[in-house]
Structures are given as structure tokens and as C-alpha cells.
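One-letter residues, chain by chain:
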Amino acid sequence: FLYMPKEAAHVLRETCERLFPPRTAMFLKALTTGEKSDIYLDPEVYVSLSVAGIMHVVAVSGMHVMLLLSVVSMVFGNRKGIIAGVAAIVFFGIMTGGSPSVTRAVLMQVVYLLAPLLRREADGITTLSAALCVLLLADPCAAGSISLQLSFASMAGLILLTPKIYDWLSGRFKPGNGMAGRIQRGLLLSVSATVGATVFSTPISALHFGYVSLYGALTNIVTMYTVPLCFIGGFAGCILGLFVPAMGQLAGVLLSVPVELTYMAAGAVSKLPYAAVYLSGNGMDWWLLGVYALFALTYLLKGKRPYRPLFPTAAAVVSLCLLMGGLTARYREGTTVKAVDVGKGQSIVFLDGDTTMVVDCGGDFNGAAGDRTGAYLLGRGRQEIDLLVLTHLHRDHVNGVTRLMARVPVKHLILREKAEDEDRALEEILYYAERQGTEVTFLEETAQWILDEFDLVLYLSPYKGENQGIIVQASVESYDVLVLGDVNHTADKWLVREFGLPDGELIVAGHHGAKSSTGEVLLDAFTPETALISVGYNNYGHPTQEVLDRFARRGIAVRRTDREGNLEIRIGEHGEEGNS
């Protein structure tokens, strides 16, 4: 009995996978059981849902509880519906894992449903506070859960703001009677609910995820019927398929229509200009704070007059366009080298004029490096990557590539010849490169490459394993940068012996500061002034003291992502002109 909810979730997931098409199954599994792993592994779907502002629909929360409760109430009627509804949503909450957000929703709905039976008022704020009290009594550390924070912030907005927004919109647009009026009221309610839910949750989302979706209300309107249909239809199709598999398969084919429509809507909205505002050290956090301050100030100063949001809305849009234009212009001047803080991995960005180059993109978690690198580029007006070079195919250098490609299209990809133990990573990267129309070059020997202002030398080490990787030398006028990947002393010495090196300015330490990389011979030949170490918390002792001592003896300034976060070096006519 105790394991029944989890067994039900297991059966639902298996039934979805067995009867429904793969893209339909992964969406319905997320809606009905909270299993989102397949969506996270599909870069295009994950990015489009996130940027379009509807990733919350696959994160089981209050919306799903309300939908389930509505269906149960319609089936069983009033009083029986209350008892059946309480049982159904409690079972659903346990089945989907009992996350803080769904637990909050279940607790609130139970209180709402039982309040009339106990002759108590079902007050929104009291109910929300009671749910929070119960959750924190059970687990005080739940206060740190992003799902709990977003859930409560969204619900507070729905309770406090959505009715006022709806009243204001209804007064402006005056929906009529009949079918047209019902549709109009539905649209106004969708907009009111979306705006109300996002007012308090947006700062939390921006702080945690690093971006804000601007068109969430539009996406919610477009998908206001497809998502509920998928949710209810997913349960019905799975239950039907358990007894009559052929009927379940037919249901899966029919449900593919609203699922694909949802994907299409999210994909279309995510490609709109400024679909998301990225807060990646570019001043957008101050813009967001200013927007909130402006709306608050105009509301406080309105006095007894009706509130008119036209001025603050227009000011927010104009200031956003000016800020984005300024950022784009700023990063067209001079050259920028950026070590993105991806944790235990590496992602190096080069910007010059309109040219964008990235070397490696991998880090702690699957896809996170791609999200962070994409946010940095999009936050500076970069809509395309001219060249992506992968030094080698270890996961901490490439596990964010597909997510990056889904966010920012790549024109040209360069990598070394594939190794047998890396076929799977390579296969996934090449699959998305083909879908995007990315030109792919397998480097067979050391080559020179011209990319606008960048003079590149791509050294292909002849050794095995990580030593077989590509070493990138990028030069802009007299400023030389060397990115070593994970090669060790053997490749270091080969590089100096076979090619010689210019007097350099900046080196990205090999293998995240491992003692076997960035050796004495290489440093004496290249003579860099600054060393960037892309590293996160690890059990290997990176960067090692031996490497730090090598840099110290030569007076090389050391910058580390594990201590400073994102590292950005701007290069002017006379070398480094500033860094942050």
C-alpha cells in the first residue's frame, strides 16, 4: 500500500514509453509523473520551453493539481467530488515525488476543500501561509528549494494581483456574451494569471536561472488549451492502453497533435527578438531592478486615479532596447576573451567586432555549460557563433555543446578525428550540427585558420588520448592567446620543438591546472603575462600547487574561475585594457 503511488508512476512511465511516440511520451511523462529527464536530454525542446517561459508546465505544480481536481469534481459531483478530489490529489502528490511545489498545491487545495465542511472561510493568503507553515515544520531546509520559492511567489501573485489585473483588463476590453465573449474572457484570464504569477517569481527566477522570459504570457495564451488536453489525455491514454493497447496507441497518435503544437508554439516564441533577457554580468540585473522600481513608483504616485501601466511599460521596453544596443556596440569594439564559469570544465569565448568564436563547452552538469555560455553571448547581442573548436571530446569539455547549439546557432565546427571511446558524444554533437546546417571539419593535421581579425593556428597533437587534442593559438594583431585543452608535458614539448611559439600574452592553463600540464618548457617559450585557469570544485587537487608555483616564479598573473567566477579580459590597441 505504501509503495502504491510510486508503483503507479512507474506503470504510467512504462506505458507512455511503450505506446506513445518518443517525443509525445517524454512530454506526457513529465506532465503526468514529473519525470523530466528526457526533456533535459533534448536540447531543442528544453531550450524552447525554457526561453518561451513555459518550462513550468512540465514541472508538476499547482496547475496540474487544479486540473486533476477539476476533472475529479466533474466526474463525482459536489460532495463526493470533495472526498474523491482530496484522495486523488494526495495520491498524485506522492506519485510525482512530493516536491515542495506540488506539496504546497496539495496542502492548499485540501484546506480549500475542507474549509466549508469545517465551517471555516477559505482565505487565500491564510491557506498559502498554512501550507508554508506545514512544509517548513516538516523540513526547515525546504526554504532553500527553488521550486518552493517559485511556487509560493507565483501563488502569492495569483492571489493578490491576478484578480485586480483581470478586473482592469475586463474594464478595458469589455468581453461580451456568447462564445466570443467566453473566448475573450479565457484569454484575459490567461494573461492575468500569467502576469500575476510572474510578478513575484521573476526576480527569483532571474537570480537562479540567469534570465527572464519576456513572452511567457504569449506562450501561455497559445498553449492554454493544448497543455490541459495533454495532461488529461495522457492519463486517459495510459489507463486505456493498460487494458486495450491498440486503443492506447491510437490515443498516443491523437495526443501527438497537441504535444507537437505545444513544441511548435514554444519554438516559435523562443526565436522572437528578445525572447529572453539574460543577466550575465551585463547590467541587466540593474535594468530589471529599475523596471520594478518604476512600476512601484508610478503605482504609489497614482493617487485615487486608475493605474495606467502604459508609461512604465514603454519606458521598460525603450530602456531594454537602448541597453541591448549599447552592449552590442560595446562588445564590437576591441577584443574580449572570456572564461565562462562552468564549474569543473572549460568554455572559452573570443569576441572581436561581429566575430564570435568559442573553444570547448563543458562543465559540471549536462547542458549547464551550454546554458551559461549561451546566456553570455545572447546577453551581448551575439545571435550566432562563427566558429566552435572542440579541443577533445571529454565530457567536461563538450557536455554543453548541444545545449549551446540549441541556444546559439553555430556556423562552423572544428574537432579532431574521432576516438573509439568517444563515439557517443560525437554522434550527438554531429546530429545537432546536421540539423542546424553547421559545417563540420575534422582536423587531420596542424592548420592555420583566418577568422576575420583572428589569426588561428590549430595544432593537432600526434599523441593518444587527451594528448591527441587540438591546441588553439589565437592572435589578434600582436596579442597572442594559447588554449591548451587537456594536453600534458609530452604535447607541450612537442609543440615547442616542432613549431616554436611567439611571445604570448595570455594562456589558458592545460587540464584545469593539473601538474602534468602547462610545463616549464612551454611557459619559457610562450612567456605569457596572464594565466586563466578554468576549474571548479574537484577531487583531483586542481589547480595544483606545482602549476601555481610555475606561474609565480615567472611573474604570471593567475585568474581562476573557482574563486572569481566568470573571467573577462578586454584587449585594446595596447594590450589588456581592463578585466572583470
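Preceding this section is the structure that the text describes.
In this text, all values refer to a predicted model and were calculated from it rather than measured experimentally. (Residues numbered from 1 in each chain as written. Predicted model: local features only at pLDDT ≥ 70, side-chain atom pairs only at ≥ 80, totals over all residues. Heavy atoms only, no water.)

Draft legend 1. Quick peek at the pattern of salt bridges. One pass over the structure, following the stated rule, counts 14 salt bridges. Across the pair K411 and D386 runs a salt bridge whose closest N-O atoms are separated by 3.7 Å. Of this pair, K411 sits in the loop between helix 19 (401–407) and strand 7 (412–416) while D386 is found in the loop between helix 17 (368–378) and strand 6 (387–390), placing the two residues 25 residues apart along the sequence. For K411, a relative accessible area of 41% translates into the label partly exposed. By relative accessible area, D386 is classed as buried at 14%. The salt bridge partner of R553 is E520, with a shortest N-O separation of 2.7 Å. (Salt bridge = Lys/Arg side-chain N within 4 Å of Asp/Glu carboxyl O. Helix = DSSP H or I, 4+ residues; strand = E, 2+ residues; numbered from the N terminus. Buried < 20%, exposed > 50% of the residue type's maximum accessible area, 1.4 Å probe, protein only.)

Draft legend 2. Structural view of the pairing of strand 9 (residues 447–451). Where strand 9 meets strand 10 (residues 454–460), 5 bridges bridge the pair, whose relative direction is antiparallel. Across the sheet, L451 pairs through a bridge with F454, a residue of strand 10. The loop that links strand 9 with its antiparallel partner strand 10 comprises 2 residues; one of these, D452, has a positive phi angle of about 55°. (Pairing = 2+ DSSP bridges.)

Draft legend 3. Spotlight on the layout of surface pockets. Approximately 810 Å³ is the volume found for the second largest pocket. Lining the second largest pocket are 36 residues, with V47, S270, K271, A406 and R407 sitting closest to its centre. For the lining of the second largest pocket, the elements supplying multiple residues, two or more each, are helix 4 (43–51), helix 14 (245–270), strand 2 (276–278), helix 16 (310–330), helix 19 and helix 20 (423–436). Here the lining of the second largest pocket is built from residues that sort into 22 nonpolar, 9 polar and 5 charged. (1 Å grid on protein atoms, 1.4 Å probe; cavity = no way out; pocket = protein on both sides within 12 Å on 5 of 7 lines; lining within 4 Å. Points joined across faces, edges and corners; volume = space filled by probe spheres on them. Nonpolar A, V, L, I, M, F, W, Y, C, P; charged D, E, K, R; others polar.)

Draft legend 4. Molecular detail of the sheet that holds strand 14 (residues 530–533). Pairing is mixed across the open sheet formed by 7 strands, whose spatial order is 9-10-11-12-13-14-15. The sheet is open, and its two edges are formed by strand 9 and strand 15 (557–560), each paired on a single side. Ignoring which end each strand starts from, the neighbouring axes of this sheet average 20° apart. Two strands pair when backbone bridges link them, and strand 10 and strand 11 (residues 470–476) are joined in this way by 6 bridges, in the antiparallel orientation. Following the sheet pairing, L456 is matched in strand 11 by A474. (Axes fitted to C-alpha atoms, helices over the stretch in contact; angles between N-to-C directions.)

Draft legend 5. Highlighting the nonpolar core. Formed by 92 residues in total, the largest nonpolar core has its most connected members in F27, I39, F92 and L390. Contacts of I39, omitting those with residues within four sequence positions, involve M26, F27, A30, V45, Y46, L49, M55 and V58. One finds A339, V472, V483 and V508 within the second-largest nonpolar core, a separate group that totals 28 residues. (Core = buried A, V, L, I, M, F, W, Y, C linked by side-chain atoms within 4.5 Å. Contact = heavy atoms within 4.5 Å.)

Draft legend 6. View of the side chain of S61. Position of S61 among the secondary structure elements: in the loop between helix 4 and helix 5 (62–76). Judged by relative accessible area, S61 falls into the buried class, the value being 16%. In this view, S61 contacts H56, S101 and A105; residues no more than four positions away in its chain are not counted.

Draft legend 7. View of the packing of aromatic side chains. Summed over the entire model, instances satisfying the criterion amount to 11 aromatic pairs. Within the aromatic cluster, the residues linked to one another by ring pairs are F92, F231 and F235. The ring of Y299 carries the charged tip of K302 above its face, separated from the ring centre by 5.1 Å. Positioned over the ring face of Y331 is R570, at 5.2 Å from the centre of the ring. (Phe/Tyr/Trp six-rings, centres within 6.5 Å; stacked < 30°, edge-to-face > 60°. Lys NZ or Arg CZ within 6 Å of the ring centre and 35° of its normal.)

Draft legend 8. A look at the packing of helix 2 (residues 22–33) against helix 13 (residues 226–243). Axis separation between helix 2 and helix 13 bottoms out at 9 Å; the angle between their running directions is 85°. In this view, helix 2 runs roughly perpendicular relative to helix 13, as classed from their interaxial angle. Contacts from F27, L28, L31 and T32 in helix 2 reach V227, C230, F231, G234 and F235 in helix 13. Taken together, the residues of the contact of helix 2 with helix 13 break down into 7 nonpolar, 2 polar and no charged. (Parallel < 35°, antiparallel > 145°, perpendicular 65-115°, else oblique.)

Draft legend 9. Molecular detail of empty space enclosed by the protein. For the structure shown, the criterion picks out 1 cavity of 30 Å³ or more. Looking at the largest cavity, its volume works out to about 30 Å³. In terms of lining, the largest cavity is formed by T335, V337, F350, F454, A474, S475, V476, Y479, V481 and I571. Within the residue set of the lining of the largest cavity, elements represented by two or more residues are strand 3 (335–339), strand 11 and strand 12 (479–483). In terms of residue count, strand 11 provides more of the lining of the largest cavity than any other element does, 3 residues in total.

Draft legend 10. Quick peek at the environment of L294. Considering the arrangement of structural elements, one finds L294 in helix 15 (residues 284–300). For the pair L294 and G374, spaced 80 residues apart in sequence, the C-alpha separation works out to 29 Å. Leave out the neighbours within four places in its chain, and L294 touches F311, P312 and A315.

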